[in-house]
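Summary of structural features
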Amino acid sequence: MSALVVVGAQWGDEGKGKVVDLYAPYADLVVRYAGGANAGHTLVVGGEKQILHLIPSGILHPQTRCVVGQGTVIDPSVFLKEIEALNARGVGTEGRLLVSQRAHVVLPHHKLIDELREKKSGGAIGTTKRGIGPCYEDKVARRGVRMGDLLDAGRLRGKLEANLECWRPVAEDLGGTLPVAEEIVAQYGALGDALRTYIGDAAEIVRASIQAGEKILLEGAQGTMLDIDNGTYPFVTSSNAVAGGACAGAGIGPTHIRHAVGIAKAYTTRVGGGPFPTELENETGQRLRDAGAEYGSTTGRPRRCGWLDLVALRHAVAVNGLDELAITKLDVLSTLPELEVCVAYELDGERLTYPPYDRLEDVQPIYETLEGWTEDLTSCRTRDDLPPAAQRYLARIEQEVGCRVGVVSVGPDREDTADLRDPFSP
Ligand code: IMP
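The rules behind these values
- Residues numbered from 1 in each chain as written.
- Predicted model: local features only at pLDDT ≥ 70, side-chain atom pairs only at ≥ 80, totals over all residues.
- Heavy atoms only, no water.
- Axes fitted to C-alpha atoms, helices over the stretch in contact; angles between N-to-C directions.
- Helix = DSSP H or I, 4+ residues; strand = E, 2+ residues; numbered from the N terminus.
- Parallel < 35°, antiparallel > 145°, perpendicular 65-115°, else oblique.
- Left-handed = near helix turned anticlockwise from the far one by under 90°.
- Contact = heavy atoms within 4.5 Å.
- Near = heavy atom within 4 Å.
- Polar contact = N/O pair within 3.5 Å; in protein donor to acceptor, adjacent residues only side chain to side chain.
- Areas by Shrake-Rupley, 256 points an atom, 1.4 Å probe, with all protein chains shown as cover.
- Nonpolar A, V, L, I, M, F, W, Y, C, P; charged D, E, K, R; others polar.
- Salt bridge = Lys/Arg side-chain N within 4 Å of Asp/Glu carboxyl O.
- Buried < 20%, exposed > 50% of the residue type's maximum accessible area, 1.4 Å probe, protein only.
- Domains from an automatic or database assignment.
- Buried area = accessible area lost by both parts, 1.4 Å probe.

1. Here we look at the packing of helix α5 (residues 153-173) against helix α6 (residues 181-195)
Contact geometry of α5 with α6 gives a least axis separation of 10 Å together with a crossing angle of 135°. Accordingly, the angle class assigned to the pair α5 and α6 is oblique. In the packing of α5 onto α6, the handedness of the crossing is right-handed. Within the contact between the two elements, α5 uses A153, L156, R157, L160, E161 and L164 and α6 uses A181, E182, I184, V185, Y188 and G189.

Right under this line is the structure:
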């Protein structure tokens, strides 16, 4: 098999970092294909916590090479800081980490506009304020600055001046002042110099890896319900987080992707605005938040928590063509006497088994009650080790969404995992 894609099957924060970390030792190449520094996963490197927003967690495995593909948007100062932090902790990055010269650059005014818009709307979308939306806007409007442009001051200046002119009226309307082109050229040109050996032809690396028959792990960011086309628009991020995004974002043909794994928590969380049918704004929601440490690794915001939404998961199975689900944080549900799972929605008297394109805020979740369990799951290493009620919970998921469950995460550490197998020989 050549490529495997790992996607978030909910609203992001499903624990992709841990699963990619578990799969990375089996891969020759890990490619991140979408999103930017809006994502984040916390890793423990040399006994110290390290949050990575852009670099795939596969970098911690010395034999694994990592590529940040053309579908991503890069804040070069964040990228450089991550490289420096990893190098300082003895994780060598030189020669095994490359960012695509085609990836678009998040510029200072992207962050400014993102922030001013959030302020003006009272945080309607609740973005991460990392400039993601405005950067992708520039990309689609064909006026973006790409990582390769940072290596040539003349080209950078020309593109920037034209780019800034487009944003000027927007910034003025929002009461902001755009930075001066020359300052950005100086700052970003210096970042380009510092990153020179890390910026290159990612497509060539991916191509050569396929030709050599290597194992490629395609790592998504955010989640299916935040995907610009398949998610809860407009409360979404600005990229294609779904498995299909891996083709364009990594520069790989669909025929090379042999397996798709969706990561889903055993319950549901969401950060930012937008409808969330199974949200629990009560004691149980707070209990999930506390037990699952549900606070954003990028923004620190408390995550909204709720019951497992199988309608959203069924949609994720369909739009990603999932072969397998990895269920994370099953241990967080331990000690809850009863568990609700949402099997359908009701809207205007009609039963829906897939999310409607609009009016998600008006649906009523239809729940099924399942029995909980009290046992600690952290030492379970196979599905058979799980208490019968937890096994039934997983079986019910499989039955409802039509996709088998493979890996099950039962605690934060690498070892706290049941049924881990080589994902390239599923
Ligand atoms: P943006 O991607 O910063 O533009 O934010 C758009 C929406 O996606 C907001 O609701 C964010 O909270 C959400 N979002 C973006 N990145 C992540 C992530 O990595 N995890 C969870 N939610 C995210």
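2. A few points about the site of the ligand
Close contacts around the ligand come from 15 residues, with D13, N38, T128, T237 and R301 the closest. I125 has a polar backbone atom sitting 3.2 Å from an oxygen atom of the ligand. At 3.2 Å, a backbone N or O of G126 approaches an oxygen atom of the ligand. In isolation the ligand has 470 Å² of accessible area, and contact with the protein removes 96% of it. In the shell around the ligand, the residues fall into six nonpolar, seven polar and two charged.

3. Some thoughts on the pattern of salt bridges
Considering all chains together, one arrives at 27 salt bridges under this definition. Here D21 ties to R414 by a salt bridge, and the two come within 2.7 Å at their closest N and O atoms. One end of the pair, D21, is in helix α1 (residues 16-23); the other, R414, is in the loop between β19 (404-409) and β20 (417-418), and 393 residues separate them in sequence. The partly exposed category is assigned to R414, whose relative accessible area is 41%.

4. So, the domain arrangement of the protein chain
Split by domain assignment, the protein chain resolves into domain 1 (3-100 + 197-260), domain 2 (104-194) and domain 3 (264-418). Each of domain 2 and domain 3 has a C-alpha centre, and the two are 37 Å apart. At the junction of the two partners, domain 2 supplies six residues and domain 3 supplies five residues. Looking only at domain 2, the three residues that lose the most surface to domain 3 are G126, T128 and R130, adding up to 71% of its buried area. Taken together, the connections running from domain 2 to domain 3 amount to zero salt bridges. Counting every contact that joins domain 2 to domain 3 gives two residue pairs in polar contact (both at pLDDT 80 or more). Residue composition of the side of domain 2 that touches domain 3, by class: two nonpolar, three polar and one charged.

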